[in-house]
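Overview (structure and organization)
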Amino acid sequence: MFDPLVSPALQQYPADYCQARSNLLNAMEKQTCLLEHEAIRHDAKGALGEPLFTDILWLGRNDAENVLVLISATHGVEGFAGSAIQHDVLLQLARTALPDNLAVVIIHALNPWGFSHLRRVNEKGIDLNRNSVDFQQVLPESADYNLLAGSILPTDGNWQAADQQLLLHAAQWGEQRFRRAITSGQYTHPAGLFYGGDAPAFSRQLIERKLGGWQLDQRQVLVLDLHTGLGPFGHGELVCDHPADSLASHKARQWFNRLVSLPETGNSCSIPLVGLMDYLWHSAMREDGIYLTLEYGTYPVLRMLEVLRRDHWLYAQGVPDFCDPQAQAIRAELREFFDPDSTLWRESVLLRARQVIRTGWQRLLGVDSGA
Ligand SMILES: [Zn+2]
């Protein structure tokens with residue numbers, strides 16, 4: 001009676017990184033407005049030994065006044081949803097002519113190693129969304145993380161005592177400080193959670209190189225960085241990390257109304273963070289250029305911390321055999337947390353994406369769609 005969302009992107013939802021990339025390349029073949037495709041090879045290998053690429057597609061004219069950018073897998077394992085959204089967009093673009101004044105840029109699998117190995121971080125344990133800091137300067141403090149580090153990843157294997165320590169600190173500090181201590185980014189424990197690295201990561205460098213050539217300061221830009229893992233199950237929130245009083249943040253709220261949240265004001269599923277990829281784009285765009293994270297909720301934050309602790313503990317013992325049963329169990333937990341095995345969840349993801357992308361597209365072209 002009521003049809004579900006009919007999209008090959010749902011039917012061909014990627015089982016792994018290889019399928020995600022082949023969906024992308026197949027859909028790319030059907031584009032009449034593809035101007036450029038750059039496949040950037042990463043040195044590291046995938047979980048099955050496959051080569052890894054970040055693929056960047058520019059569709060439309062290179063002098064388009066308006067640019068819509070879609071990024072997937074900044075946090076590797078979150079790439080399933082992001083890649084499916086990009087696939088859905090390409091399938092629709094194959095049937096729709098792009099206006100002369102709009103270009104669409106697809107950045108597929110920014111962290112392909114994490115995508116393939118089912119981890120948030122890259123092959124060096126770096127969280128790309130904490131890596132965009134100036135490594136020539138004094139790095140952000142992580143005193144609270146340092147206090148908890150031994151309990152986050154207990155080297156003696158005593159998880160019970162470690163959990164008690166964490167609970168104690170959570171009760172003493174309150175939820176905000178506790179969550180900030182663990183997740184806001186740290187630069188002292190390379191095996192730990194939310195580690196920002198000690199130098200610009202390869203994926204950051206490739207974005208900086210592309211930003212150097214795209215002249216985004218002369219165009220109107222909307223970037224949607226596709227993530228999963230924060231917020232209510234299946235809900236897509238537009239997280240805006242521009243300063244609350246900036247032109248970009250006013251414009252984002254005007255375009256998308258209350259779908260937009262601002263971590264700075266405390267009304268978001270996310271908290272203020274250091275080293276976000278956003279900041280590279282902010283400085284490459286005009287003052288009114290908008291960068292939003294489209295963040296899809298899955299399960300509670302505390303469960304995420306549990307899953308990530310086990311994942312990082314496993315890698316702290318050395319690179320695991322991908323076929324080892326314990327490693328597989330931990331990988332399966334990661335996959336389920338960041339990409340729930342649920343048709344309803346995946347359908348919600350694609351529906352919200354269509355809504356947000358359609359609105360962004362219209363707004364870039366100056367159409368007031370009545371948000
Ligand atoms: Zn993420």
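Residues numbered from 1 in each chain as written. Predicted model: local features only at pLDDT ≥ 70, side-chain atom pairs only at ≥ 80, totals over all residues.

Positionally, I106 belongs in strand β4 (residues 102-108). For the pair formed by I106 and L224, sequence separation is 118 residues and the distance between their alpha carbons is 10.0 Å. Ignoring sequence-local partners within four residues, the contact set of I106 consists of L57, L70 and Q86. (Helix = DSSP H or I, 4+ residues; strand = E, 2+ residues; numbered from the N terminus. Contact = placed C-beta atoms within 7 Å.)

Right, let's get into the packing of helix α11 (residues 301-316) against helix α12 (residues 325-338). The relative placement of two packed helices is expressed as an angle between their axes plus a distance between the axes. Contact geometry for α11 and α12: axes closest at 10 Å, N-to-C directions at 145°. Remark: the crossing between α11 and α12 carries left-handed chirality. Where α11 abuts α12, its residues R303, M304, V307, R310, D311 and L314 lie against A327, I330, E333, L334 and F337. Taken together, the residues of the contact of α11 with α12 break down into 7 nonpolar, no polar and 4 charged. (Axes fitted to C-alpha atoms, helices over the stretch in contact; angles between N-to-C directions. Left-handed = near helix turned anticlockwise from the far one by under 90°. Nonpolar A, V, L, I, M, F, W, Y, C, P; charged D, E, K, R; others polar.)

On to unusual backbone geometry, then. The general pattern is negative phi for most residues beyond glycine and trans for most peptide bonds. At A73, a position not held by glycine, the phi torsion is positive, near 60°. With respect to the helices and strands, the residue A73 is situated in the loop between β3 (66-72) and α3 (79-93). The backbone of Q215 sits at a positive phi, close to 50°, despite the residue not being glycine. Checked against the element boundaries, Q215 lands in the loop between α8 (202-214) and β5 (220-233).

What follows deals with the nonpolar core. Formed by 89 residues in total, the largest nonpolar core has its most connected members in V69, V223 and L292. Split by domain, this core shows at least three residues from each of two domains, domain 1 (8-133 + 195-302 + 338-364) and domain 2 (143-192 + 303-334). Apart from the residues lying within four places of it in its own chain, the contact partners of L292 are V223, L224, L238, V239, C240 and A252. (Core = buried A, V, L, I, M, F, W, Y, C linked by C-beta atoms within 7 Å. Buried ≥ 20, exposed ≤ 12 C-beta atoms within 10 Å, placed from the backbone. Domains from an automatic or database assignment.)

Moving on, we get to the environment of V349. Here V349 is to be found in helix α13 (residues 343-364). A count of 30 C-beta atoms within 10 Å places V349 in the buried class. Separated by 193 residues in the primary sequence, V349 and D156 place their C-alpha atoms 40 Å from one another. Excluding residues within four positions of it along the chain, V349 makes contact with A81, I85, G236 and Y296.

An ideal rise of 1.5 Å per residue puts 20 Å on 14 residues; α12 measures up with 20 Å between its terminal C-alpha atoms. If you check which residues of α12 are buried, you get I330, R331, L334, F337 and F338. Down the axis, α12 shows its buried residues gathered within 125° of arc, on one side only. More than 90 degrees from the buried face of α12, the exposed residues found are P325, A329 and A332. Contacts from the buried residues of α12 go to β5 and α11. (Expected span 1.5 Å × (residues − 1). Arc of directions from axis to C-beta.)

Note: interface size is frequently given as the accessible area lost on complex formation between the parts. One can read the domain layout of the chain as domain 1 (8-133 + 195-302 + 338-364) and domain 2 (143-192 + 303-334). Counting residues at the interface gives 18 residues for domain 1, matched by 20 residues for domain 2. Grouping the constituent residues of the side of domain 1 that touches domain 2 by class yields 12 nonpolar, 4 polar and 2 charged.

Attention now moves to the pairing of strand β6 (residues 236-240). Summarising burial for β6: 5 of the 5 residues are buried, a large majority. Examined bridge by bridge, β6 and strand β8 (residues 290-297) share 5 bridges and lie antiparallel to one another. Across the sheet, the residue bridging to G236 is Y296, located in β8. Each parallel crossover has a hand, and the one from β6 via helix α9 (residues 247-256) to strand β7 (residues 260-261) is right-handed. (Pairing = 2+ DSSP bridges. Right-handed = clockwise from strand over helix to strand, strands pointing away.)

Let's shift gears to α13. Compared with the 32 Å implied by 1.5 Å per residue over 22 residues, the 31 Å span of α13 between its first and last C-alpha is a close match. Along α13, the residues classified as buried are R346, V349, L350, A353, V356, I357, G360, W361, R363 and L364. The buried residues of α13 occupy an angular sector of 160° when projected down its axis, which confines them to one face. Within α13, the exposed residues directed more than 90 degrees away from the buried face are T343, L344 and R358. Just beyond α13, the residue with positive phi is G366, at close to 85°.

So, on to the packing of helix α5 (residues 143-152) against helix α7 (residues 175-183). Contact geometry of α5 with α7 gives a least axis separation of 9 Å together with a crossing angle of 80°. Classed by the angle they form, the pair α5 and α7 counts as roughly perpendicular. Residues D144, Y145, L148 and I152 of α5 pack against R177, A181 and I182 of α7. Split by residue class, the contact of α5 with α7 holds 5 nonpolar, no polar and 2 charged. (Parallel < 35°, antiparallel > 145°, perpendicular 65-115°, else oblique.)

Its place among the elements puts L224 in strand β5. Considering only alpha carbons, one finds L224 and G82, 142 residues apart in sequence, at a separation of 10.0 Å. The contact partners of L224, leaving out residues within four places of it in the chain, are V69, L70, L292, L294, V356 and G360.

This brings us to the sheet that holds β7. Strand pairs in the sheet, formed through backbone hydrogen bonds, run parallel or antiparallel to each other. Spatially, β1-β2-β4-β3-β5-β8-β6-β7 is the arrangement adopted by the 8 strands of the open sheet, whose pairing is mixed. This sheet does not close on itself; its edge strands, each paired only once, are β1 (34-45) and β7. Where β1 lies against strand β2 (residues 51-59), 9 bridges are found, and the strand directions are antiparallel. When the bridges of β2 are listed, E38 appears paired with I56.

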